[in-house]
Amino acid sequence: MSYQYESYDVVVVGAGHAGCEAALACARLSLNTLLFTISMDSIAMMPCNPNIGGTSKGHLVREIDALGGEMGKNIDKTYIQSKMLNTSKGPAVHSLRAQADKQDYSRSMRKILENTEHLTLKQGEVCEILVDNGAVTGVKTYSDAIYPCKAVVLCTGTYLNARCIYGEVSNATGPNGLSAATHLTDSLKNLGIEMYRFKTGTPARIDRRSIDFSKMEEQFGDEKVVPFSFTTDPNRLTKPQVSCWLTYTNETTHEIIRENIDRSPLFSGNIKGTGPRYCPSIEDKVVKFPDKNRHQVFIEPEGNYTNEMYISGMSSSLPEDVQYRMYRSVAGLENAKIVRNAYAIEYDCINPMQLKPSLEFKKIEGLFSGGQFNGSSGYEEAAAQGLIAGINAARKLQGKEPLILDRSEAYIGVLIDDLVTKETHEPYRMMTSRAEYRLLLRQDNADLRLTEKGHEIGLISEERYQAFLIKKKQIEEETLRLENTPIGAAPWVQEILESKGSTPLTSASTLGELLRRPELNYEMLTPLDRERKPLPADVIEQAEINIKYEGYIRRQMHQVEQFKKMERKRIPENLDYDEIPSLRIEARQKLKQIHPESVGQASRISGVSPADISVLLVYLEQMRHR
Amino acid sequence: MRTDTIAAIATGLNHAGISIIRISGSDVDSIMNQIFVTPSGKRGVKEIPGYTARYGYITDGDSVIDEVLVLVMRAPKSYTREDVVEIDCHGGIVVTRKILETVIRHGARPAEPGEFTKRAFLNGRIDLSQAEAVIDIIQSKNEMALKNSVNQLKGSIHKKLKQVRDSILRDTAYIEAALDDPEHISLDGFTEELKERIQGNLHVIDHLIESADNGKLLKEGIQTVILGKPNAGKSSLMNLLAGDEKAIVTEIAGTTRDVLEEMIQIKGISFNVIDTAGIRDTEDTVEKIGVEKARRYAKDADLIIYVADSSVPLDENDDEIIEFIQDKKAIVLLNKSDLAPVVDVDLLTKRTGRTVIKISAVEETGIEDLERTVADMFFHGDLSFNDEIYITNMRQKASLIEAEHSLRQVLDSIENQMPEDFYSIDLMNAYEELGRITGESVDEDLIDTIFREFCMGK
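Note that the coordinates shown come from a computational prediction; the quantities given were computed from them, not determined experimentally.

Caption draft 1: Representation of the overall build of chain A in the model. Regarding its fold elements, chain A presents 20 helices and 23 strands. The C-alpha extent of chain A, read off along each of the three principal axes, is 90 × 75 × 50 Å. Scored against the burial criterion, the 626 residues of chain A give a buried share of 62%. Restricting to contacts in chain A with at least 6 residues of sequence separation, those with at least 24 account for 73%. When the accessible area of chain A is evaluated, it comes to approximately 24600 Å², of which 49% is carbon and sulfur surface. Averaging the locations of the 78 positively and 84 negatively charged side chains of chain A gives two centres separated by 1 Å.

Caption draft 2: Summary view of the overall build of chain B. Scanning chain B from terminus to terminus reveals 14 helices and 14 strands. For chain B, with 458 residues in total, the buried portion stands at 54%. For chain B, contacts bridging at least 24 residues in sequence account for 68% of all contacts bridging at least 6. Summed over its atoms, the accessible surface of chain B is roughly 20100 Å², and 48% of this surface lies on carbon and sulfur atoms.

Caption draft 3: Expanded view of the interface of chain B and chain A. Taken together, the contact pairs 51 residues of chain B with 60 residues of chain A. Between chain B and chain A, roughly 4900 Å² of surface is buried when both sides are summed, and carbon and sulfur atoms account for 59% of that area. Counting the contacts that link chain B with chain A gives 8 salt bridges. Where A:Arg438 meets B:Glu176, a salt bridge forms, and the shortest distance between an N and an O atom there is 2.7 Å. For the pair chain B and chain A, the number of links is 16 residue pairs in polar contact (both at pLDDT 80 or more). Elements that contribute at least two residues to the side of chain B that touches chain A include exactly α3 (115-122), α4 (131-151), α5 (155-180), α12 (387-415), α13 (423-438) and α14 (445-453) of chain B. It is α4(B) that provides the largest number of residues to the side of chain B that touches chain A, a total of 9 residues.

Caption draft 4: Molecular detail of the domain arrangement of chain A. Residues and elements named next belong to chain A. Taken domain by domain, chain A comprises domain 1 (3-159 + 351-457), domain 2 (205-344), domain 3 (476-552) and domain 4 (569-624). Each partner contributes residues to the interface: domain 1 has 12 residues there, and domain 4 has 8 residues. Across the interface of domain 1 and domain 4, roughly 840 Å² is buried in total on both sides, 49% from carbon and sulfur atoms. Taken as a group, Met353, Lys362 and Thr421 account for 42% of the area that domain 1 buries against domain 4, more than any other trio of residues on that side. A salt bridge links Arg604 to Asp417, with the nearest nitrogen and oxygen atoms 2.6 Å apart.

Caption draft 5: Quick peek at the pairing of strand β17 (residues 296-301) of chain A. Residues and elements named next belong to chain A. Of all 6 residues making up β17, 6 are buried, and the element is well covered by its neighbours. Going residue by residue along β17, you find Gln296, Phe298 and Glu300 tucked away on one face and Val297, Ile299 and Pro301 tucked away on the opposite face as well. Strand direction decides the pairing type here: strand β16 (residues 244-248) and β17, joined by 4 bridges, are antiparallel. Residue pairing for β17: Thr247 is matched across the bridge by Val297.

Caption draft 6: Representation of the sheet that holds strand β13 (residues 195-202) of chain A in the model. Residue and element names in this part refer to chain A. Pairing in this open sheet of 4 strands is antiparallel, and the strands run β12-β11-β20-β13 from one edge to the other. Two strands bound the open sheet, and with one partner strand each, they are β12 (169-171) and β13. For this sheet the average axis-to-axis angle between neighbouring strands, irrespective of direction, equals 25 degrees. Where strand β11 (residues 163-166) and strand β20 (residues 343-350) come together, 3 bridges link them in antiparallel fashion. When the sheet's bridge partners are listed, Ile165 is paired in β20 with Ala344.

Caption draft 7: Seen up close, empty space enclosed by the protein. Residues and elements named next belong to chain B. Counting across every chain of the model gives 10 cavities of 30 Å³ or more. Quantified by volume, the second largest cavity comes out at close to 70 Å³. At the level of secondary structure, the elements contributing two or more residues to the lining of the second largest cavity comprise β1 (6-9) and α12. Looking at the lining of the second largest cavity, the element that brings in the most residues is α12, giving 4 residues.

Caption draft 8: Just the sheet that holds strand β5 (residues 63-73) of chain B, in detail. Residue and element names in this part refer to chain B. In space, the 7 strands of this open sheet follow the order β3-β4-β5-β6-β2-β1-β7, with mixed pairing throughout. Of all the strands in the sheet, the pair left with one neighbour each is β3 (36-37) and β7 (109-110). Strand direction decides the pairing type here: β1 and strand β2 (residues 19-24), joined by 4 bridges, are antiparallel. Bridged to Ile6 within β2 is Ser24. Helix α2 (residues 93-105) contacts β1, β2, β4 (52-60), β5, β6 (84-89) and β7 of the sheet and is inclined by roughly 75 degrees relative to β5.

Caption draft 9: Representation of the nonpolar core. Residues and elements named next belong to chain A. Ile129, Val152 and Ile412 are the most contacted members of the largest nonpolar core, which has 101 residues in total. No other element matches the 10 residues that helix α10 (residues 379-397) contributes to this core. Ignoring any residue separated from it by four or fewer positions in sequence, one finds Ile129 in contact with Val136, Gly138, Val139, Val152, Leu154, Leu184, Ser187, Leu188, Leu191 and Leu367.

Caption draft 10: Summary view of the layout of surface pockets. Residues and elements named next belong to chain A. Considering only enclosed or pocket space, the second largest pocket measures out at about 1000 Å³ in volume. In terms of lining residues, the second largest pocket is bounded by 31 residues, among which Arg62, Pro234, Ala537, Asp538 and Glu541 are the most central. Contributions of two or more residues to the lining of the second largest pocket are made by α12 (446-457), α13 (462-484) and α16 (537-548). It is α16 that contributes the most residues to the lining of the second largest pocket, 6 residues altogether.

Caption draft 11: Examining the pattern of salt bridges more closely. Per the stated rule, a full pass over the model turns up 85 salt bridges over all chains. In this structure, A:Lys57 engages A:Glu381 in a salt bridge whose closest nitrogen and oxygen atoms are separated by 3.1 Å. On the criterion of sequence distance, the pair formed by A:Lys57 in helix α2 (residues 57-66) and A:Glu381 in helix α10 is long-range, its members being 324 residues apart. In this structure, the salt-bridge partner of B:Arg408 is B:Glu404, at a minimum N-O distance of 3.1 Å. Highlighted residues: B:Arg408 and B:Glu404, both in helix α12, separated by 4 residues, approximately one helical turn.

Caption draft 12: Region of the structure containing the environment of A:Glu6. Residue and element names in this part refer to chain A. Counting through the fold element by element, Glu6 comes out in the loop between β1 (3-4) and β2 (8-13). For Glu6, a relative accessible area of 41% corresponds to the partly exposed category. Not counting the four nearest positions on each side in its chain, Glu6 is found in contact with Tyr147 and Pro148. A distance of 2.7 Å separates polar atoms of two side chains, one belonging to Glu6 and the other to Tyr8.

Caption draft 13: Just the state of the cysteines, in detail. All names here are of chain A. The full count for this structure, using the stated rule, is 0 disulfides over all chains. With no disulfide partner, Cys127 has as its closest neighbouring cysteine sulfur the one in Cys149, 15 Å distant. Counting only cysteine sulfurs, Cys26 is the nearest neighbor of Cys149, a cysteine outside any disulfide, at a range of 11 Å.

Scoring rules and cut-offs
Residues numbered from 1 in each chain as written. Chains lettered and ligands numbered in written order. Predicted model: local features only at pLDDT ≥ 70, side-chain atom pairs only at ≥ 80, totals over all residues. Heavy atoms only, no water. Helix = DSSP H or I, 4+ residues; strand = E, 2+ residues; numbered from the N terminus. Buried < 20%, exposed > 50% of the residue type's maximum accessible area, 1.4 Å probe, protein only. Contact = heavy atoms within 4.5 Å. Areas by Shrake-Rupley, 256 points an atom, 1.4 Å probe, with all protein chains shown as cover. Lys, Arg positive; Asp, Glu negative; His and termini not counted. Charge placed at Lys NZ, Arg CZ, Asp CG, Glu CD. Buried area = accessible area lost by both parts, 1.4 Å probe. Salt bridge = Lys/Arg side-chain N within 4 Å of Asp/Glu carboxyl O. Polar contact = N/O pair within 3.5 Å; in protein donor to acceptor, adjacent residues only side chain to side chain. Domains from an automatic or database assignment. Pairing = 2+ DSSP bridges. Axes fitted to C-alpha atoms, helices over the stretch in contact; angles between N-to-C directions. 1 Å grid on protein atoms, 1.4 Å probe; cavity = no way out; pocket = protein on both sides within 12 Å on 5 of 7 lines; lining within 4 Å. Points joined across faces, edges and corners; volume = space filled by probe spheres on them. Core = buried A, V, L, I, M, F, W, Y, C linked by side-chain atoms within 4.5 Å. Disulfide = S-S within 2.5 Å.

What follows is the structure in structure tokens.
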């Protein structure tokens, strides 16, 4: 028999990376928030790779931090190795990645949650979303308890009707053997929500003591660690780091896989869900790229608390006996003892085109969602959506406009716009190539792009905001100073330039001009720059990037202006596309399905042509005058 | 980067005494500064108040293209409510086109179908009751333009474009794969390879731009089909027309073995001349296909040149052709006037009901008569060609130039030792522009290629 429990403003379902951010955002914005988790011991759990960040994902974490989220701070506290990737390339693609101590990460996040005001944690399974008149009224748990609330944020990750599979073994559990959530899907279907079935996978964990590291290449962290959070003092990040190890598969490995490929549930048809192309299983790689005679394998520690090592690059759903032979064929793993088998996991998620860019369901008021439930993959993608969904659930209850970041403002904007606009047929992973304005969306300037917004929302403290304003001013002043400091073609100048391997000046120039030369940098100009005052490293970095890549940045900003024009043209929510003459049928169907919020969003829908957009513009103009 | 300033020929292209080129958008002044000069040497139209005209010259670098009247309308008092300039020139297809091309080279882009009207409407210039008409224009004209651009694009050019696009996409995908998965994919030594491939692609694009200049991208011009029974002298005529020093000629490999096409200019008018297999009843399968093809081309032609052989009697094949040209625009030639005639002008005139021109392809006589007759037909309005095709060609050329510009930008970036991630933006821009020509959008091409071609991910 059901009974009514106390009511909350917001209920968050799931305490993974999305759920944690959503719950913290709501509670910090003073809303009475209840966070459900299937197990109190799985809060902020990392069931797959033991790291945070990586290419483009590192960008997401820094953006989360600039908006006032928790992920960056938490990994800064719990990392055991840190590395800036792509340092030989342009600043736009530099990406931070840190190995985490998994338990430490999870415990540290739990501690934050448990000590946040307005936030209540509860172990239990939510089975039903209660809706009245198209709006959320509460949730019902497995124990038949009803919690009335005004908004719900769904962050169920990979738990809905989850099934873990390897070989012929198939368990109806969530990741790491945790129990799956088996009731909520039906409730969502009853509410008319369209569900997808996706899959992903994870490699085996192997006992460190059974690995021969002498056959592998050691991979070190950076000497100078850059923190994820703009609030972490880089000078405090000096703890000893652990190593990862690199080894390779070989023809024997591939032969073992090929011989047993018919026993893989992926190929036998036992797995029906769609997997991410970015995280292919090792059997996928071997089948799709038969010409490659080896694949990289990274051996990464799961934490300081354990001997378990994560075998990155070899996720699999082959039977256990094949897994043993396959892993043991790899150099250094000849005597490997598998602690946990590799497996694939299938789960229910939604077609995210049912969401508005605010991450609220179009059809159900007050129902928000984030994370893998929305068809994405990855901890960082999840956290980013969780944060936005949480912020927007709070803002809705506060009667404020939703926070919507556009594609020119943040990777988070690209992520969400892609999810709600473009058809996803696989778990969506962030990639730098998805961001068309990436020269502007750098990890180093995430604070400059988003702190203002975080402050306005109420998740950035006044103190942090004031420090940010000072930094911003210093960058502007230093950029201007460099651009305007003249440098004559005097002999002493020529001498210094020559000593730095640069060509002499033919006429008077400026420090800015010199900085644009590919062979020179800020540091090298020190002897020429007599009025230079000491400045923080992050200020210097920004001024230098501003000047060095000025031409490219200006071009992108021009593109952004054009882009914004179309983003600003709003489409009324109730627009009847059947009323618009001359729209092509395909375009009409897509527009009716997605109901884009702006002409810009409409133009990104596949199947909507530029001519359709022109027609739409003319029609909107006509409506405006009626 | 795509500009917001658009240009188009506002008058018909065919036989106007005066032609008007219209430009609209914020770059009007900067464009006119580069290409317009008054007799007293003042450049541009910035000083000219709205609704006044100035006399002067359109120049391209040092050379004068035409003397013109320029009418300036300042925003919002113009058709589009933007700054608008109209250039009135003396007409004539060649000059009018040259002016439009000059305008485009200096910062405008060819207007999309219905774009002036669209702007006028969106800027509140046109009565709202006309909205539906505007919408219809946009959609129908765009469909036509797309059809033109895809259908009229020659097979060989389509293939070249595809090769260049594929090459650009693959290179971009490689760079992007390496950026997204730096621990698996290395860019060491890639820049040198890329540079070489870009240079190769630029070479192809430059060649395509040249083809566009000569109207050879599309089957532009008056579709002219030469008909006649075998051995009547069709091919000799073709060679003669093509080989004439007045004609600009590049041979285009025909899409089929049995039909040869050439673009020929006669008195500034473009003709796409198609030499066909001789029409006759035949049992030979291969030849039969050729003859069928000839019939089909002839059906769609704007103009037929019927070549009769004066040295042998008219037969049933001539009968078929004569019957066929009854309701077509046609010119009748009596070839082999150098040989003893079996068929004379009177007989052929009587049979065809047309004026007959005597020529000798061997002795190269009568060709001037033919050219004059054709030009007269055109200027009297008896013949016309499809404006849309020319305009489509113009747009395609603008895309080629934009793509070329983007690829050169990549070479600049390489020259300036910029990191590889800076190349992608311009590479993808070139890819997108080339896609406009074939009517293909970009969508998920890059991501799909990354995953298809390169093994990446954890």
